[in-house]
Every structure is written in C-alpha cells, then in structure tokens.
Amino acid sequence: MAERVGVYVCHCGSNIAGMVDCEAVARWAKENVSDVAVSRDYKFMCSSLGQAMIEEDIRKEGLTRVVVAACSPHLHEKTFRRACSNAGLNPYLMQMCNIREHVSWVAQERDPATEKAKSLISAAVARVKRQEPLEPMKVGVNPRTLVVGGGIAGLQATLELADAGYPVVLVERSPSIGGHMAQFDKTFPTLDCSACILTPKMSEAYQHENVTLYSYAELEEVSGSVGAFKVRIRKRARSVREDLCTGCGACIEKCPRKVVDNDFEVGLGYRKAIYMPFPQAVPKIPVIDRENCTWFQRGKCRVCEKMCQPGAIDYDQQDEIIELDVGNIILATGWKLFDCRKIPQYGYGRLANVFTNMEFERLCNAAGPTSGKIVLRDGKTEPRSVAIVHCVGSRDKNHNEHCSAVCCMAALKFGHLVLEKTGAEVYSFYIDMRTNQKMYEEFYCRLLEEGMHFIRGRVAEITDAARMPGEEGKLIIQCEDTLLGRQRRIPVDMVILMGALEPQADAKELGLKCGISCSMAGWYTERHPKLDPVATMTDGVFVAGACQGAKDIPAAVAQGAAAAARVMGMITKGTVEIEPVVASIDEEGCSGCRICNNMCPYNAIEYDAGRNVSRVITALCKGCGTCVAACPAGVITGSHFNNEQIGAEIEGILWDARAAAGRGAAAAV
Amino acid sequence: MKYAFYPGCSLEVNAAAYDVSVRAVARVLGVELVELDDWNCCGATEYFSQDELTACAVIARNLALVEPSMNQLTAPCAACFLNLKKVDRLMAEHPDLGGKINEALAAGGLHYDPGRVRVRHLLEVIHTDVGEEAIKAKVVRPLTGLRVAPYYGCQVVRPYKDVDDPEYPVKMDELFRWLGAEVVDYPVKSHCCGGHMTQISEPEAFELIRRLLQSALEYDTDVIACLCPMCQLNMDAYQSRVNGMFNTSFHIPVLYFTQLLGLALGVPEKDLGFGKEIVSAGPVIHAKLAAC
C-alpha cells in the first residue's frame, strides 16, 4: 500500500519566508512529489495551531508519514515528534527537513533558495517513506555524578548534589581544591575575604559523606552515555600516602629544598619540594614535586621520610587508575590567565615593576608572599603611584576578542586596596567601564569618591624611557586619553596588567573526551546560549563556571547550582529515554571476523565466542555507523540510517537531475 | 639561495657601508643576490603624497624587472622594502589600480602580476632563510662583550605585521645573540627616528633622535645597529647637532647590522665599510672585542 505523506512548510515568520517562497514550495510538493497526500505552509509550524494542524491531518487524512520543512531538528524535532505521537503516529515516522539554517539563512537569492528547499523536501519525502516505527529505549540513571574541577563552580555543584543526598565524585587536577578563588584576597563588590567564604565550602565538600574527592587527579577517559557513563580517572602519585598522612607538616618544615612557587604564588613566593599549595589546602596532604626533589633527582636526602611519624612518605607510589560508573558529568574546569608577555610593549617580564592581576592578588593577600604589603618587586618599597591597565589580551583582535567580564570590577577592587593600604595615587586605564551587576555600579561610584583616577583609552606602551622631568626612574604609561582627545604620559611606580581570562589550554581535548564542543576561542558550547546555558549537546554532560565563558564568582556559583539542579532532575526521574538509533548485526551473516569490535569507538560490540558472532550492546551504541561501514559482509544495519533510507534520500535530492537525465543528459554521467 | 636584489639609491652614496657589507655578508652566507638590471628610485615616502598612481607605477617597474625565473626580491633599505611590498599588495587588493599600473608599465614593454614576487627585507632573508644554525656555524669572531642595541624603526615592521612583532620586534635581537653579542633590550627600538622630518622641522626631528640616543645611553649601549639608511643617517650624522640643541654629549656609533654581522663572520673591516660612519665605531669595537 502506498504511504500517505503530509508535508508541512514553515515560514518561521520571515526567517524562512523572507528567502524561500514557502507557498510555492508547498504547492509544488503536492503536485510533483509522489505519495504526498497533504502539503501545507504555515506562519509558525511550531505554534500550537501549527501542531494541531498536523495532528488533525494525521487523524482525518490518514497520514502515515510526516515531513516538516522548518528549522534545525536540534530545535523542534521533539516538538513535532510529540505532535505525531499525540495523533497516534509513531514519532520516528516524522522527518525534519532543515530549510532555515541550511537554506534561508545561508542563501542570498530567492529563486535558488526555493529550488534548494524543494530538493531537500523531495529527499525527506523519499526517505520518510522507508522509515520504520521505532521505540525509544529507557535507561536507568546512575545517581552518582562526576564533577570535574574543584574551583568555586565545581564545589557549588558538588555540594548542591551531595546535600540533596546524591553521591558525587569530585576530580581536581591540582593538589588542592579551591581553584583561583583560593588565591584571591578580597572579592568584589563586598570586599569580603575570599578565603573566609571559600574554605568552609572546601572542607564541607571534603568531609561530606556523599562526596569522594580525588585531588591531583585527571579525567582520562569517558565511555558510555547519559545515565550510564564509565569514566577512568588517573590519580597522580603524590608520593605521600593519603591514608596515613595526618597533615602535620613536619616533612614540609624540614625539607631542605626550596623552589620558586610558580603555581599558587605565581612566581612571587617559594615552596618546598614537598609542599601543600597553601595552608588551608584541602585535602591537607602534601605532595612531592618530583622534578625538584633532591631524592628523586639525585638519589640522596629522604629527610621527609625520616620526619614522618606515621610513615606516610612513599617514594615508590605509582599513578593509580580509578574506574567508575556515573550517571552524569559536570565540567567545571575554569580558566587560565593570558600570558602578558605576548604584549611585549607592556613590558611584563622585562620591566620589574609591571605585575599581572594574579600577582597582585597574591601581593595584597595577608597570607601571600609579602603578608599583604603592597610593595615593588624589590620586596620593600611601597609604591606612591600605581597604574591599572584594563583589557590586556581581552577585547583585542590580536589576542582575544571577548571581554573577560571580571577585570573592571577587579581593577576597582585593586584600586580600593591600594588606596586603603598605601595612599598611593591610582590610575585606571580603561576602554569602557563595565559594572553591570548588582551593586557593581555603586562600587564604581565609591571608587570615584575615593579618588581613583580614570583615564579612558587603551595604553600604547609602558616604558622606562624617560622623556620629561619627573619621569626618571618611573614607568611611564603612554596613552591616548580619548575623552581629552590628546596623548598623555603618566609616570608611576607600579603597573598592574589586567590579563584576560582564557580557556584552559587543554579544554578542547577534555571536551572531546566528553563529546562536547568548544567555541573557536575554546569555551565550552552550551546547548542554548540563553535558554539552556549549562546543558550541552551531549545528554548527561553539563558545564558550569568559567569553562563556558569568562565570568565572575556569583555567575560561576549560579551555574554550578544550575548544573546540579539539572542533574538532580535526571536522577529524580530515574530513567532517560535514549534514541533507538542503533546498529544491529544479522547473526546469520556474521562470520565472526571481529573487525567491528575494534572499530567501535564506544566499545559497544561484544564477541560471542561460543557462537562465533559479534553482537551490539544496544545500551552503549551511539548509532555512529562506523561498524555499518566497516563490516566486510555488509550485515550490520544502522536503524533509522539504513542503506535503503540513505539511498532514497540521495535519489530524492537529485529529483531534478533525474528529470534532466530523462531528457538525454545521462550520457555525461 | 638566490634572490633578486634591489639596492636602492641610498646604498650608492650615503649608505655605501651598507652596500659593501650586504654584499660581503651575502657572499659568506651563500646568499646569491642578483641585482635588478636598470632599477630605478622607489620614490621614498614623498612621491605617494604627490601622485599615487605615478608613485606606484615607478615602484612597480622594479617588481616587473624581476626575472621570471625568480620569485623573491630583497631590499636592504626599509623604505624601499616597504614601497615594493606595499605596491605588490595594493595591486592585488585593488585590481583597478593594478590595471592602471600595468597600462603605465606597458609603455615600457613591462607587465607585473601581483603576488608573482615575494618582497623580503634583508633581515628576514638572513634571520629566517639562512637561519640560526648556518649563521652560528660561520661565526669566527664572536661579538662577545659588545653591547649592541638593535634599532628597527618603523617601516620594516609596520604596517605589515608578518615580518616581526610590529610593536616589539625581536629578530635582530636574536641574530645578535647568535653572534655572541650582548643584546641591549631597550624600550625604544621600534620608535620613529623622524625620517625626513629633519628637512622640515629640526626641533621635532632632533627630539625624536634624542629620545633614541638617550634610551640607548641609559641602557649602556656600545653601538646601535640599524637596518635602514635613513635611520642610520639621522642618528649618526645629526648626533652632534642633537648634542648642540639639547646640551647633551652623546657619542654612540651607529652601524648597519650587516657590518657587525660581517665582523663576526670574519670579513675584514675594510671590506665592510667601517670608517664611513661619522661617530667612529672603531675605538669601542676594538676595545671591546680585543679584550676577549
């Protein structure tokens, strides 16, 4: 019996109709495409009226297949599948045809755009007639969640889930959780102590009965899919046994090897070869920096071992691999600081008293290398004038186009701290002041009152080449003051560069492991920038905090909580529906060659030695089709994407070529 | 390594030291320079403000003279280099202009297709094409102990950004490090020397020159190394006038980078144009290099 296909062409307001003659396309489909019983166009097919129209046609016209020519299936496939279901049609007998992103938004001329829309609809109709009814599979959701990154966003997500009673595995790359926030002195705009609000969360996470923390560890591999991921974590060798260490610190105290701390103290302070990043580190367990340890480098010393009463030092400790099952994954991997040396005219690394924002955070911090005294690189001289340069590596086509979002407020915070602690003159060199969150503008006004100077213009260079009296021995900021409309030179003692927030160097690599993508710049791509900011295109993988885009603490915390809420929703529901788009092997024809076993990127094919055949583990199969193409006997079928369906689609798209061939042009093919 | 070579007018007279040292250094490094037959003046910076089309055509004639068998042209003078590179780019980006230029060239039986010739400054050829390994292997007299301040000026590094960092170039710094010199990392190495401003307003021009000399002095410089005849002339020939105007006592020799390179490669001083500079470089070089 011939199928009865309904074709629905959406105008999407003027999004599609502005470039495609939707009415003509709908009429053409009815008249020219075989088995099309109904063909309509409508202003907004996704509206309830549009859906009702489809439902009614299914019931009254006895449609057996539906084609919706509209936007991307990412947006509305679910909507139209539901409409079909409501009317009693299996949702997998509906095919979407993207004439918005693939046609109207990328075309420049109306006629060819309309022709292309016709081709795509012809293809969809040809394909949909060969589609088969499928039933989505239900998979249970493992209530355990993996959180990657122990900064403030990851901590928030961890605690929300753990407090709700669900088990969380928190993986942190560095020896302690806390992230960048642990390095800060004060937080804007309230000026409350960063450590005072952070450390309770750190210890709470560590002590929580529902939280398992792996610090000094990295996520190595992810397999499986939503509800049932398998993850592999590499826990790097600390050379200290966590089960025995009491955190007394005797080993650190007696370690004879002192090295510059380029991590937590950003090069301004020292640490021992066996160290904890900072006094409130969580877990309070030291780690041996093997690169700098005298025992590891020269085979002598072992002082820490002698000092350790509980015998926790273990020089032979190896990396440990931990394999776990989790239901969902939250990535909260944060950001890294722009390398200010990339703008050599600002002199960082060349001119001693040019500092980065992270260096200055440590300089201000009472627990930092100068005990909170703001001094020049010599370690003793207090500056009498300080320049703060905004947008270093941000809003700059040569480096990062994005605004780093936190620097204006951080610069105001720095200005306040300098004024309070030293009474120096403070100059801010800004492009635009961006203080658009709660109480931020008020903080800006406060700094105006406090006497911070604001000069609008991007700094051209920072130099020690004095030109005029009063400049000798100073750092001179050369800048066009765009409000005055003239060049200015401001001599100062100290410069703070507000370096940009950048994606982590390995963000793309980690994203790939989890099956999510990054923007060109390297920030993780959310499912929808406005309406779904913490989910990703991969079900069960969520993002939170600065790994999704530069943001401040309140925004990172909000995302951490939001991601946790999304995960809780999945856990509470208990099961997730999985697309029934999977491969299956015809065991009659399978020769047991096992080629497909190794090709499968998801380890979803098992080999049955007894019967000498391979078999697809449906729950793990992602329907990628690799095995279908690889099978030498051609006995693997990908449901919803079988050869017959794809062939029909190609034939459909070439409807006009066939017409041309009919007129004798076939000889050329 | 074979390059078409455009010496430019300066190298015939005031920058004769650059000319001989470029040719001597090229010989040692195995860089074959094939001088364009019947080349003409590039028009320097002035011609563009008079008549753009004529200015371009005058420059394009030199590009058209590059033998078909060659696809790279090198120029030692910063202004010549920029003019040649600029006209090649302009012709590619503005086909209308390119067409008019080719009409003009046709009068002399010439034609130029933009992009056919890659215009390179001599510093790029030496630093990038010859490269660190080959240069280090040929150093026979390291410049150990000599404090060299590389001076880049404007036109080699700006406005096109593909030669070096446009704000803080480093290629000459690297070259001198390979030669064993102590490289002076001073802040004004890519600031303007004033160019032809000396002919228009001496106070402005001399102030620009003073800033360069002042910074070099503060950073304890033995010798400034240039890659442009104009820069060399300004800092060297006007040094005593600058001293007069600002009551300073600068005495800093200003050489071409190829003269110092030649020295390190073992070329005799007499073959490198030493002594043609006005602030004599001999004493400081002999004192520093003899000491090692």
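Just so it is clear, the structure is predicted and the values come from calculations on it, not from any experiment.

Before going further, it helps to spend a moment on the overall build of chain B. Of the regular secondary structure elements, chain B holds 12 helices and 8 strands. A globule of 292 residues ought to have a C-alpha radius of gyration of about 19 Å, and chain B, at 19 Å, matches this closely. Within chain B, counting contacts between residues at least 6 apart in sequence, those at least 24 apart form 78% of the total.

Another point: the overall build of chain A. Helix and strand counts for chain A come out as 19 helices and 34 strands. Considering only C-alpha atoms, chain A reaches an extent of 90 × 70 × 50 Å along its principal axes. Considering chain A as a whole, with its 669 residues, one finds that 45% of them fall into the buried category. Contacts spanning at least 24 positions in sequence make up 70% of the contacts within chain A whose residues lie at least 6 apart.

On to the interface of chain B and chain A, then. Across the boundary between the two partners, chain B contributes 8 residues, which contact 7 residues of chain A. Partitioning the side of chain B that touches chain A into residue classes produces 3 nonpolar, 1 polar and 4 charged.

The next thing to look at is the sheet that holds strand E12 (residues 228-235) of chain A. Residue and element names in this part refer to chain A. Strand order across the open sheet formed by 3 strands is E11-E12-E17, with antiparallel pairing between neighbours. Only two strands of the sheet have a single partner each, and these edge strands are strand E11 (217-225) and strand E17 (320-326). Here the strands of the sheet are splayed against their neighbours by 20° on average, with no regard to which way each runs. Where E12 meets E17, 7 bridges bridge the pair, whose relative direction is antiparallel. Directly across from Arg232, in E17, lies its bridge partner Glu323.

Residue and element names in this part refer to chain A. On the basis of which strands lie adjacent, the open sheet formed by 5 strands has the order E10-E7-E6-E18-E29 and parallel pairing. Edge positions in the open sheet fall to strand E10 (211-214) and strand E29 (541-543), since each of these has one partner strand only. The mean inter-strand angle of the sheet, taken between neighbouring strand axes irrespective of direction, is 20°. Sheet topology places strand E6 (residues 145-148) next to strand E7 (residues 168-171); 4 bridges connect them, and they run parallel. The residue bridging Thr145 from the neighbouring strand is Val168, located in E7.

A separate point is unusual backbone geometry. For the peptide bond that leads from Val282 of chain A to Pro283 of chain A, omega is 5°, which places it in the cis range. As for its placement among the helices and strands, Pro283 of chain A is situated in the loop between strand E15 (274-275) and strand E16 (287-288). The peptide bond linking Arg158 of chain B to Pro159 of chain B adopts the cis configuration, its omega dihedral lying at 0°. Despite not being glycine, Cys12 of chain A shows a phi value in the positive range, around 50°. Its place among the elements puts Cys12 of chain A in the loop between strand E1 (5-10) and helix H1 (22-32). Positive phi, close to 55°, is recorded for Asn612 of chain A, a residue that is not glycine. Here Asn612 of chain A is to be found in the loop between strand E32 (605-608) and strand E33 (613-616).

In this section: the domain arrangement of chain A. When cut into domains, chain A gives domain 1 (5-136), domain 2 (145-232 + 322-334 + 504-575), domain 3 (250-307), domain 4 (336-501) and domain 5 (583-638). Placing a centre on the C-alpha atoms of domain 4 of chain A and another on those of domain 5 of chain A gives a separation of 61 Å.

Let us look at the environment of Ile152 of chain A. Residue and element names in this part refer to chain A. Topologically, Ile152 is positioned in helix H6 (residues 152-163). On the basis of neighbour counts, which here come to 30 C-beta atoms within 10 Å, the residue Ile152 falls in the buried class. The spacing of Ile152 and Val557 is 405 residues in sequence and 6.4 Å in space, taken between C-alpha atoms. Excluding its chain neighbours within four sequence positions, the residues that come into contact with Ile152 are Gly179, Met181, Leu198, Ile553, Ala556 and Val557.

Below, the discussion takes up the packing of helix H12 (residues 407-421) of chain A against helix H13 (residues 440-450) of chain A. All names here are of chain A. Here H12 crosses H13 at 35°, and the two axes come no closer than 10 Å. The two elements H12 and H13 meet at a crossing, and its hand is left-handed. In this structure, H12 contributes Met409, Leu412, Gly415, His416 and Leu419 to the contact, and H13 contributes Tyr440, Phe443, Tyr444, Leu447 and Glu450. For the contact of H12 with H13, the class distribution of residues is 7 nonpolar, 2 polar and 1 charged.

A word on H12 of chain A. All names here are of chain A. With 15 residues, H12 should cover 21 Å at 1.5 Å per step; its first-to-last C-alpha distance of 20 Å lies within 8% of that length. Among the 15 residues that make up H12, 12 are buried, leaving the element largely enclosed by the rest of the structure. For H12, the full list of buried residues reads Cys407, Cys408, Met409, Ala410, Ala411, Leu412, Lys413, Phe414, Gly415, His416, Leu417 and Val418. For H12, the secondary structure elements touched by its buried residues are strand E8 (186-187), helix H11 (357-364), strand E21 (385-392), strand E22 (425-430), H13 and strand E27 (494-499). After H12 finishes, the residue Gly423 shows a positive phi value of roughly 75°.

A few words on the domain arrangement of chain B. All names here are of chain B. According to the domain assignment, chain B consists of domain 1 (2-121) and domain 2 (140-290). Between the C-alpha centres of domain 1 and domain 2 there is a distance of 25 Å. At the interface, 21 residues of domain 1 touch 25 residues of domain 2. For the side of domain 1 that touches domain 2, the secondary structure elements donating two or more residues are helix H1 (16-29) and helix H4 (78-93).

Residue and element names in this part refer to chain B. H4 packs onto helix H3 (residues 52-64) with a crossing angle of 100° between their chain directions and a minimal axis gap of 9 Å. In this view, H3 runs roughly perpendicular relative to H4, as classed from their interaxial angle. Facing H3, whose interface residues are Cys56, Ile59, Ala60, Asn62 and Leu63, H4 presents Asn83, Leu84, Val87, Asp88, Leu90 and Met91. For the contact of H3 with H4, the residue count by class is 8 nonpolar, 2 polar and 1 charged.

Moving on to the nonpolar core. If you look at the biggest cluster of nonpolar residues, it comprises 138 residues, and the most contacted ones within it are Leu331, Ile388 and Val495 of chain A. Per-element tally for this core: the top contributor is H12 of chain A, with 9 residues. Setting aside its immediate chain neighbours within four residues, Leu331 of chain A contacts Val148, Gly149, Leu510, Cys514, Tyr524, Val541, Val543 and Cys547 of chain A. In terms of nonpolar packing, the next biggest core, distinct from the first, is built from 94 residues, Ala26, Phe81, Val157 and Leu255 of chain B among them.

Here we come to the environment of Ser394 of chain A. Turning to its location among the elements, Ser394 of chain A is positioned in the loop between E21 and H12. Leave out the neighbours within four places in its chain, and Ser394 of chain A touches Asn400, His402, Cys403, Ser404, Cys407 and Ala500 of chain A.

A few words on the environment of Val557 of chain A. Residues and elements named next belong to chain A. As for its position among the elements, Val557 is in helix H15 (residues 553-573). Spatially, the C-alpha atoms of Val557 and Ile490 are 39 Å apart, while their sequence positions differ by 67 residues. Setting aside its immediate chain neighbours within four residues, Val557 contacts Ile152, Ala153 and Gln156.

Rules used throughout
Residues numbered from 1 in each chain as written. Chains lettered and ligands numbered in written order. Predicted model: local features only at pLDDT ≥ 70, side-chain atom pairs only at ≥ 80, totals over all residues. Helix = DSSP H or I, 4+ residues; strand = E, 2+ residues; numbered from the N terminus. Rg over C-alpha atoms; globule rule 2.2 N^0.38 Å. Contact = placed C-beta atoms within 7 Å. Buried ≥ 20, exposed ≤ 12 C-beta atoms within 10 Å, placed from the backbone. Nonpolar A, V, L, I, M, F, W, Y, C, P; charged D, E, K, R; others polar. Pairing = 2+ DSSP bridges. Axes fitted to C-alpha atoms, helices over the stretch in contact; angles between N-to-C directions. Domains from an automatic or database assignment. Left-handed = near helix turned anticlockwise from the far one by under 90°. Expected span 1.5 Å × (residues − 1). Parallel < 35°, antiparallel > 145°, perpendicular 65-115°, else oblique. Core = buried A, V, L, I, M, F, W, Y, C linked by C-beta atoms within 7 Å.

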